[in-house]
Amino acid sequence: MQHLDDLAKDQPITPWDGKVLRSRIVKTLELVQDAIAISLCIGLFCVMVLQLKEIFLSLLTTLHFHDITADILFILILVELFRLLIIYLQEQRVSIGVSVEVTIVSVLREVIVKGLLEVEWKQVMATCAFLIALALLLVVRVWLPPTFEGVDPQQIASARRKDKKITE
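Residues numbered from 1 in each chain as written. Predicted model: local features only at pLDDT ≥ 70, side-chain atom pairs only at ≥ 80, totals over all residues. Heavy atoms only, no water.

Describing the side chain of Gln51
Mapped onto the elements, Gln51 comes out in helix α2 (residues 15-61). Leave out the neighbours within four places in its chain, and Gln51 touches Asp71, Phe74 and Ile75. (Helix = DSSP H or I, 4+ residues; strand = E, 2+ residues; numbered from the N terminus. Contact = heavy atoms within 4.5 Å.)

As for the nonpolar core
A general trend in soluble globular proteins is that nonpolar side chains are found buried together. Residues Ala37, Cys41, Leu44, Met48, Leu78, Leu85 and Tyr88 constitute the largest nonpolar core, which totals seven residues. Among the secondary structure elements, those contributing two or more residues to this core are α2 and α3 (65-91). A total of four residues in this core trace back to one element, the largest contributor, which is α2. Beyond its immediate sequence surroundings of up to four residues, Leu44 is in contact with Leu78, Leu81, Phe82 and Leu85. The next biggest cluster of nonpolar side chains, apart from the first, holds five residues, and it includes Ile77, Leu84, Ile87 and Val102. (Core = buried A, V, L, I, M, F, W, Y, C linked by side-chain atoms within 4.5 Å. Buried < 20%, exposed > 50% of the residue type's maximum accessible area, 1.4 Å probe, protein only.)

Things to note about the packing of α3 against helix α4 (residues 96-114)
Direction vectors running N to C along α3 and α4 enclose 170 degrees, while the axes themselves pass 10 Å from each other. Looking at the two axes, α3 sits roughly antiparallel to α4. Residues His66, Thr69, Ala70, Leu73, Phe74, Ile77, Glu80, Leu81, Arg83, Leu84 and Ile87 of α3 form the contact with α4, whose own contacting residues are Val98, Ser99, Glu101, Val102, Val105, Ser106, Arg109, Ile112 and Val113. Residue composition of the contact of α3 with α4, by class: twelve nonpolar, four polar and four charged. (Axes fitted to C-alpha atoms, helices over the stretch in contact; angles between N-to-C directions. Parallel < 35°, antiparallel > 145°, perpendicular 65-115°, else oblique. Nonpolar A, V, L, I, M, F, W, Y, C, P; charged D, E, K, R; others polar.)

Examining the pattern of salt bridges
For the coordinates displayed, the defined rule picks out four salt bridges. Note that Arg83 is salt-bridged to Glu101, the shortest N-O span being 2.9 Å. Here Arg83 is found in helix α3, whereas its partner Glu101 is found in helix α4, with 18 residues between them in sequence. Of the residues examined, Arg83 reaches a relative accessible area of 35% and is grouped as partly exposed. The class for Glu101 is partly exposed, based on a relative accessible area of 30%. In this structure, the salt-bridge partner of Arg93 is Glu91, at a minimum N-O distance of 3.0 Å. The two residues Arg93 and Glu91 agree in class, both being buried. Each of Glu80, Arg83 and Glu101 takes part in a single network of salt bridges with overlapping partners. (Salt bridge = Lys/Arg side-chain N within 4 Å of Asp/Glu carboxyl O.)

Considering unusual backbone geometry
The phi torsion at Gln92 lies on the positive side, around 60 degrees, for a residue other than glycine. We classify Gln92 as partly exposed; its relative accessible area is 39%.

Section: the packing of α4 against helix α5 (residues 121-140)
Running from amino to carboxyl end, α4 crosses α5 at an angle of 160 degrees, the nearest separation of the two axes being 10 Å. When the axes of α4 and α5 are compared, the pair comes out roughly antiparallel. Of the two elements, α4 crosses α5, and the hand of that crossing is left-handed. Contact residues: α4 offers Gly97, Val100, Thr103, Ile104, Val107, Leu108, Val111 and Lys114, while α5 offers Gln123, Thr127, Phe130, Leu131, Leu134, Leu137 and Leu138. Looking at the contact of α4 with α5, its residues break down into ten nonpolar, four polar and one charged. (Left-handed = near helix turned anticlockwise from the far one by under 90°.)

Following this line, the structure appears as structure tokens:
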């Protein structure tokens, strides 16, 4: 053990070695993140299949329009979350627009499930304010500067799509 410490003292770590080590760590962490995102995609897909099965079984037995509508909206939310994960895997970023859209659909689902007439007026006003804020965020995100200076994820994504079409 002492011999290894002596060797380490004789050969200091150069900045180049630190960069190589750092890039390996970053690549490993990115692979772990991708594995987590892929497992979430698989899990979401399984939940969607189970939910669809439940909807079809409920259609065969009894027709409860309110419950079926809530289940369909829930599947739409899961589809949007799935799309968000796919965008993350393709572009290595979370789409603000898709995230806001998922949130809007989720809030509207809750309003539909609970029934607008059965909710207190204060909660209705808070929900309206929240939806207006989300709508403003959707409008304002068009004018937001790129995520990183000099790098516009929207342009990179469209360039990747064009490259895919050319190679196909």
